[in-house]
Amino acid sequence: MNEIHAHLTACAAEAARVTRGITPGQLAAPSVCADWTVRELANHLVLYSAHGLEHRALRTPLPEETVQRDFTADADWPERYAAQLDRALAAWAKPEAWEGEVDLGGSSVAAPEIASMLVKELALHGWDLATSTGRPFGIPEDTAVFLLDVVERYAEVFRQYDGFAEPVTVPADADAFTRALALSGRTPKA
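The text that follows walks through the structure, step by step, so that each part is easy to find. Computed from a predicted structure; not experimentally measured. Position numbers for residues start from 1 in each chain and track the written sequence from start to end. Predicted model: local features are reported for residues with pLDDT of at least 70 only, side-chain atom pairs are reported and counted for 80 or more only, and whole-chain, interface and lining totals are derived from all residues. Based on all heavy atoms of the structure, the side-chain values leave hydrogens and waters out of the count.

### Quick notes on the environment of Val 168
Link 1 in the chain: Put simply, DSSP H or I for four residues or longer makes a helix, DSSP E for two residues or longer makes a strand, and each gets a number counted from the N terminus. Mapped onto the elements, Val 168 comes out in the loop between helix 6 (141-160) and helix 7 (176-183).
Link 2 in the chain: Note on classification: 1.4 Å probe, protein chains only; a residue is buried when its accessible area is under 20% of the maximum for its type, exposed when over 50%, partly exposed between these limits. Owing to a relative accessible area of 25%, Val 168 belongs among the partly exposed residues under this scheme.
Link 3 in the chain: Sequence separation of Val 168 and Arg 179 is 11 residues, and the distance between their C-alpha atoms is 8.8 Å.
Link 4 in the chain: The contact rule is simple, with two residues in contact once any of their heavy atoms fall within 4.5 Å. Once you skip the residues sitting within four places of it in the chain, Val 168 turns out to touch Ala 182, Gly 185, Arg 186 and Thr 187.

Here it is in structure tokens:
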């Protein structure tokens, strides 16, 4: 496997762990993402970090019924999410997934860059979900360093589309994950 696949795998495992601890009663609560409940955040994470991850590797569009689905309506949604992540990681394990470009809503992006953005999706929204439900979220240091690089490359683009808030100040000696969170406009726990 390549380095990006290893980072996807690490972030997917942590996101799956976090979702398994969410209780039905937490779904209606507000999340750390403005204007989103925990349910809305969880559905976004499931849609884009699992289903979207697989469809990007396969170069197929997300079916409209998948886009509109409330994944959290199923009592076993965390296990279904984990299984979908496994399918997505298996799709990215194939060498052809890394070749060429992937359509990103009208523009083509190199497959490794799409995978890098999906590392960002898993890590940042995984952290959002963990923080919203009172759980820790951790990734290996090498994955955090990779994530920071991705966030640095795309922060201004995501800010233009309201995907990131303005950066938050953290100590200069903060670890890579904390710096990535802060650069994306998230307030890391002290």
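### Examining the side chain of Arg 186
Link 1 in the chain: Examined against the element boundaries, Arg 186 turns out to sit in the segment after helix 7.
Link 2 in the chain: Residue classification places Arg 186 among the buried positions, given a relative accessible area of 9%.
Link 3 in the chain: Counting of polar contacts relies on pairs of N or O atoms within 3.5 Å, with two restrictions inside protein: one atom must be capable of donating a hydrogen and the other of accepting it, and residues adjacent in sequence are counted only when both atoms are side-chain atoms. Of the polar contacts made by the side chain of Arg 186, one reaches the side chain of Asp 128; its length is 2.7 Å.
Link 4 in the chain: Apart from residues lying up to four places away in sequence, Arg 186 is in contact with Leu 124, His 125, Trp 127, Asp 128, Phe 164, Val 168 and Leu 181.

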